[in-house]
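Tertiary structure, described
Each chain is listed here by its residues.
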Amino acid sequence: MTRPFVEIDRVAMRYGGVEGTLALQECSLNVQQGEFIAVVGPSGCGKSTLMRLVSGLWPATDGNVVVAGEEVDRPLSLVGMAFQNPTLLPWRSILDNVMLPLEVVPEHRKRLRAERAKYEQKALDLLKLVGLEGFGAKYPYQLSGGMQQRTSLCRALIHEPPLLMLDEPFSALDVFTREDLWDVLQQVWMARKPTVVLVTHDLREACYLADRVLVMSARPGRIIAERTVPFARPRNQETMVEPEFTKLVAELRGFIALARKGEEVI
Amino acid sequence: MSSKAQSRIEALAASARRRRRLQAWLPWLVIAGTFILWEAATEIFDISTFILPAPSDVFLAAVKWWKPLLDDSLHTLISTLAGFGLAVVAGLLLGVAIGSSTLVYKGLYPLLIAFNSIPKVAVVPVLIIWFGIGVWPAIITAFLISFFPIVVNVATGIATVEPELRDVLRALGAKPSDIIRKVGLPRAMPYFFASLKIAITVAFVGSIIAESVAPNAGIGRLMMVASSRFDVPLVFAGLIVTGMMGIMLYWIAEFIERRTTGWATRGQDAQNFTPGG
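Values in this document were obtained by computation on a predicted structure and should not be read as measured data.

As for the domain arrangement of chain B
Considered domain by domain, chain B is made up of domain 1 (1-47) and domain 2 (55-269). Each of domain 1 of chain B and domain 2 of chain B was reduced to a C-alpha centroid, and the two centroids are 32 Å apart.

Remarks on the interface of chain A and chain B
On the side of chain B, 17 residues touch chain A, which itself brings 22 residues to the contact. Listed by contribution, the elements that provide at least two residues to the side of chain A that touches chain B are α1 (47-55), β6 (79-82) and α2 (94-104) of chain A. The biggest single contributor to the side of chain A that touches chain B is α2(A), with four residues. Of the residues belonging to the side of chain A that touches chain B, the class tally is 16 nonpolar, four polar and two charged.

Examining the nonpolar core
Judged by nonpolar contacts, the single largest core of 141 residues is most densely connected at A:V54, A:V197, A:V213 and A:V215. Here the element with the most residues in this core is helix α6 (residues 135-159) of chain B; it accounts for 15 residues. In this structure A:V213 touches A:A38, A:V40, A:A206, A:C207, A:R227, A:V229 and A:L252, once residues within four positions along its chain are discounted.

Overview of unusual backbone geometry
Residue and element names in this part refer to chain A. Each neighbour pair has its own omega, and for R219 with P220 the value is -5 degrees, a cis peptide bond. Cis geometry is adopted by the peptide bond preceding P234, which originates at R233 and carries an omega value of -5 degrees. Position of P234 among the secondary structure elements: in the loop between β10 (223-228) and α8 (237-241). The backbone of A68 shows a phi angle near 55 degrees, a positive value even though the residue is not glycine. Looking at where A68 falls in the secondary structure, it is placed in the loop between β4 (62-67) and β5 (70-71). Overall, the presence of 16 C-beta atoms within 10 Å leaves A68 in the partly exposed class. Even without being glycine, E168 reaches a positive phi, approximately 45 degrees. Mapping E168 onto the fold places it in the loop between β7 (163-167) and α6 (175-192).

Brief notes about the domain arrangement of chain A
Residues and elements named next belong to chain A. According to the domain assignment, chain A consists of domain 1 (1-78 + 163-266) and domain 2 (80-161). Relative to domain 2, the C-alpha centre of domain 1 lies at a distance of 25 Å. Looking at the side of domain 1 that touches domain 2, the elements with two or more residues in it are β7 and α6. Ranked by residues supplied to the side of domain 1 that touches domain 2, first place goes to α6 with six residues. A per-class count over the side of domain 1 that touches domain 2 returns 14 nonpolar, four polar and three charged.

Let's talk about the confidence of the model for chain B
Per-residue confidence for chain B averages 88 on the pLDDT scale, and 95% of its residues sit at or above 70. We note a pTM of 0.79 for the whole complex and an ipTM of 0.81 for its interfaces.

Some words on the pairing of β10(A)
Strand residues, when the strand is regular, have side chains that alternate between the two faces of the sheet. Across five bridges, strand β9 (residues 212-216) of chain A lies against β10(A) in antiparallel orientation. Each residue of the ladder has a partner; that of A:V215, found in β10(A), is A:A225.

Re the sheet that holds strand β8 (residues 195-199) of chain A
Sheets are built from strands that pair by backbone hydrogen bonding, the pairs being arranged parallel or antiparallel. Residues and elements named next belong to chain A. Strand order in this open sheet of six strands is β6-β7-β8-β3-β9-β10, and the pairing throughout is mixed. Two strands close off the open sheet at either side, each with one partner strand: β6 and β10. Across the sheet, the mean angle separating the axes of adjacent strands is 15 degrees when strand polarity is ignored. Examined bridge by bridge, β6 and β7 share four bridges and lie parallel to one another.

Description of the sheet that holds strand β1 (residues 6-14) of chain A
Residue and element names in this part refer to chain A. The strand order across the open sheet built from four strands is β2-β1-β4-β5, with neighbouring strands paired in antiparallel fashion. A strand with exactly one partner marks an edge of an open sheet, and here the two such strands are β2 (22-31) and β5. Relative to β2, β1 runs antiparallel, the two sharing six bridges. The residue bridging I8 from the neighbouring strand is L29, located in β2. Seen against the sheet, α1 touches β1, β2 and β4 and runs at an angle of roughly 120 degrees to β1.

Remarks on the environment of B:A159
All names here are of chain B. As for its placement among the helices and strands, A159 is situated in helix α6. Residue class for A159 comes out partly exposed when judged on the 16 C-beta atoms lying within 10 Å of it. For the pair A159 and T80, spaced 79 residues apart in sequence, the C-alpha separation works out to 29 Å.

About the thresholds
Residues numbered from 1 in each chain as written. Chains lettered and ligands numbered in written order. Predicted model: local features only at pLDDT ≥ 70, side-chain atom pairs only at ≥ 80, totals over all residues. Domains from an automatic or database assignment. Contact = placed C-beta atoms within 7 Å. Helix = DSSP H or I, 4+ residues; strand = E, 2+ residues; numbered from the N terminus. Nonpolar A, V, L, I, M, F, W, Y, C, P; charged D, E, K, R; others polar. Core = buried A, V, L, I, M, F, W, Y, C linked by C-beta atoms within 7 Å. Buried ≥ 20, exposed ≤ 12 C-beta atoms within 10 Å, placed from the backbone. pLDDT = per-residue confidence, 0-100. Pairing = 2+ DSSP bridges. Axes fitted to C-alpha atoms, helices over the stretch in contact; angles between N-to-C directions.

As structure tokens, this is what we get:
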């Protein structure tokens, strides 16, 4: 087995000084290159904190975070991120919003001016892939919430990041839009195979999308259970009605119920 | 489409047109109405010209003294714009510094607030000692008074960038200067223009205060001289000219604002009826 792409070894994270809140403790997990994992857990268990540690946005209080064989001690420059809110820039068109990372990531910003047409085509292709063909010239306020979230996803993908961090990206959407976007994300992942960490509180979402689902304990958070998701890809509506699927979701729900009570599982 | 729907859409469009026309004319109607009321009040209550001159007296005084009125208002306009220009440059720079660094913010804010609390009238004599009677005290007073709102607004715009957006950019390897350039500054623009509209009007207050304390030239001096001669209609003419200059510059600021930051005020445009848009 090759060395994992993301290695988190017994990290702790404490906010606000020595007496502050302990968000993570003894939290360890590995993610293989090209693997899609989902992290689920009771609310406030430090899922989002974990994501920021891996991206190097915040330094860990204790333990090691290693990504691509290198210790993370400053923000990585190769991560694509999407959040619950689309956080688009209202003064930019959809196309320009998607192209934002290209103006920032060092290796692209140098080439952007010379190869603008090529990059623009790439952005348009990506918009087409998520079902936003013909919306490039529109502005965020002219789009629905789901469409804005699709744009946000494109922005996270445009620079072909090897690591994609998704913090509850679909939780503000209605059920139909959400399940639509699951398929969009699955399609993108199958086409490009980035390493994905999806933080979510939707167990069906986790089982539908991920190769492996990790369950976190209540705060201070650590990984208390792990299940491999066996279903073949591409998964679809049929997958969700399989008895195996329902059983897996129920099992994870059981773990979370225990985690909320603060009991040991494993 | 049914003929009923057709006629409804037309009725909506027509009422939107009427509303827009009213909106365009309303300010002029209100101004004209004010003058008519004012004229009538002085007539009905038989108010002496010395206390409150009728608009017609003010108009006659303005016609009689049009040359000094024009010269002095141009003088005031130029020193106001010079002070305002300095305030825009300094306000933007300091606003960006304060908005992007907690350290600069913590360090400078108390001083800024203390400074802004000082009545600018009290500063003018000091400025006269430093720069002598002339155009500089007016420029600097205009600068001092209009600088603060710009700093505060630009700093607010930059400091309130959403943390998630900051994370998205930082995780791409963005430097703090990238974040300010790509997100902070564009985001601060609506705040900046809002502050310009305040700053330009108070800049007039600044320059005219300085001109009144050290009467050398400008509308301030004209009004001081006129009131010492008990020429109250001319004082009012000076006031009205100042108000007109203020409105003019306000409109210019608003025009630029609408051109550059239309994305921030789309909520107001949405009231307008725009078929197919």
